[in-house]
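# Coordinates in review
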Amino acid sequence: MSLPPQDTPTRHDQHGRYPRAESVGDFAHNLAVVNERIAAACRKAGRDTASVRLLPVSKTIDEARIRLAYQAGCRMLGENKVQEAHHKWEAMADLGDLRWSVIGHLQTNKAKLVARFASEFQALDSLRLAETLDRRLQLEGRPLDVFVQVNTSEEDSKYGLSPADVPAFIKAMPQFSALRVRGLMTLALFSAETERVRACFVRLRELQQRLRQDAPDGIGLDELSMGMSGDFEIAIEEGATVVRVGQAIFGARALPDSHYWPGLPTQD
Ligand SMILES: *Cc1c(COP(=O)(O)O)cnc(C)c1O
């Protein structure tokens, strides 16, 4: 008998304890485990597994291990720091079909790097950045898939637009013709309290549903990027179409999460 979705726990207690993948076989195993978790969450939610894309997140992982992940089948990787991502892109240019998604906050002065190499950018959070990115992309002659980041937990420490500011932001998007808006992205509250985590995901989905009704022409809002190693089952139950998963694939990161997301209570 399956539990009602409301009872899906977070896995943040496992945080920092995922085993480190050191071989192609380890990666294949971890990917299979994550894909099975995704499939189980889809079954529970009555969704088609093909409606959820797994984006492996390789931040802090060195080139040698990324190459193993590639051999195990990873073809798009998420990175939260643009310089690290750019460096990896250059170093692994020989892997012609490996693409990069930048998922972390971007300073406007680094927009030109993203415009050069990224296939996707998930942390669009200001008009100034949209403007700069668009101009740089026009110069490079390439388009970019983007997600608008929303601060659904309304914590001061988190990046992203406040939900109330998203409608006007979306209305302004058609002027940036190199930006292909795909949907919304969020980082939920980092908490073991399932209901508070779920509330963030529900908020993003409800926002998407409201905005979709009168989205400007050419602005796609089909995608919801939400959920990571500790909470992606809940995100899938609430409609995630992209889950960004690092530690459950690569293994625990050496540094505590407060290093990546300033403002989190220090743990570990
Ligand atoms: C690191 C990161 C993730 C993945 O977190 P894990 O706990 O490693 O699964 C997801 N989204 C963003 C924006 C990240 O920076």
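Residues numbered from 1 in each chain as written. Predicted model: local features only at pLDDT ≥ 70, side-chain atom pairs only at ≥ 80, totals over all residues. Heavy atoms only, no water.

### A short note on the site of the ligand
The ligand sits among 14 residues. The nearest are Lys59, Ser229, Gly246, Gln247 and Arg253. At 2.5 Å from an oxygen atom of the ligand is found a side-chain nitrogen or oxygen belonging to serine 229. Backbone polar atom of glutamine 247 to an oxygen atom of the ligand: 2.8 Å apart, as the coordinates give it. Split into classes, the residues belonging to the shell around the ligand amount to six nonpolar, five polar and three charged. (Near = heavy atom within 4 Å. Polar contact = N/O pair within 3.5 Å; in protein donor to acceptor, adjacent residues only side chain to side chain. Nonpolar A, V, L, I, M, F, W, Y, C, P; charged D, E, K, R; others polar.)

### What to know about the packing of aromatic side chains
Tallied over the entire structure, the rule returns two aromatic pairs. With centroids separated by 5.3 Å and ring planes inclined at 70°, the aromatic side chains of phenylalanine 27 and phenylalanine 250 adopt a geometry described as edge-to-face. Of the two residues, phenylalanine 27 sits in helix H1 (residues 24-45) while phenylalanine 250 sits in helix H9 (residues 247-250), which places them 223 residues apart along the sequence. Residue class for phenylalanine 27 comes out buried when judged on its relative accessible area of 0%. Note on phenylalanine 250: relative accessible area 1%, which makes it buried. Relative to phenylalanine 117, the ring of tryptophan 89 lies with its centre 5.6 Å away and its plane at 35°, an arrangement referred to as tilted. With tryptophan 89 in helix H3 (residues 82-91) and phenylalanine 117 in helix H4 (residues 111-117), this pair connects stretches of sequence that are 28 residues apart. A cation over a ring is seen here: arginine 75 above tyrosine 70, with NZ or CZ 3.7 Å from the ring centre. (Phe/Tyr/Trp six-rings, centres within 6.5 Å; stacked < 30°, edge-to-face > 60°. Helix = DSSP H or I, 4+ residues; strand = E, 2+ residues; numbered from the N terminus. Buried < 20%, exposed > 50% of the residue type's maximum accessible area, 1.4 Å probe, protein only. Lys NZ or Arg CZ within 6 Å of the ring centre and 35° of its normal.)

### Some remarks on helix H2 (residues 63-71)
Of the positions making up H2, those classed as buried are Arg65, Ile66, Leu68, Ala69 and Tyr70. Contact partners of the buried residues in H2: H1, strand S2 (76-79), H3, strand S3 (99-102) and H9. Just beyond H2, the residue with positive phi is glycine 73, at close to 120°. (Contact = heavy atoms within 4.5 Å.)

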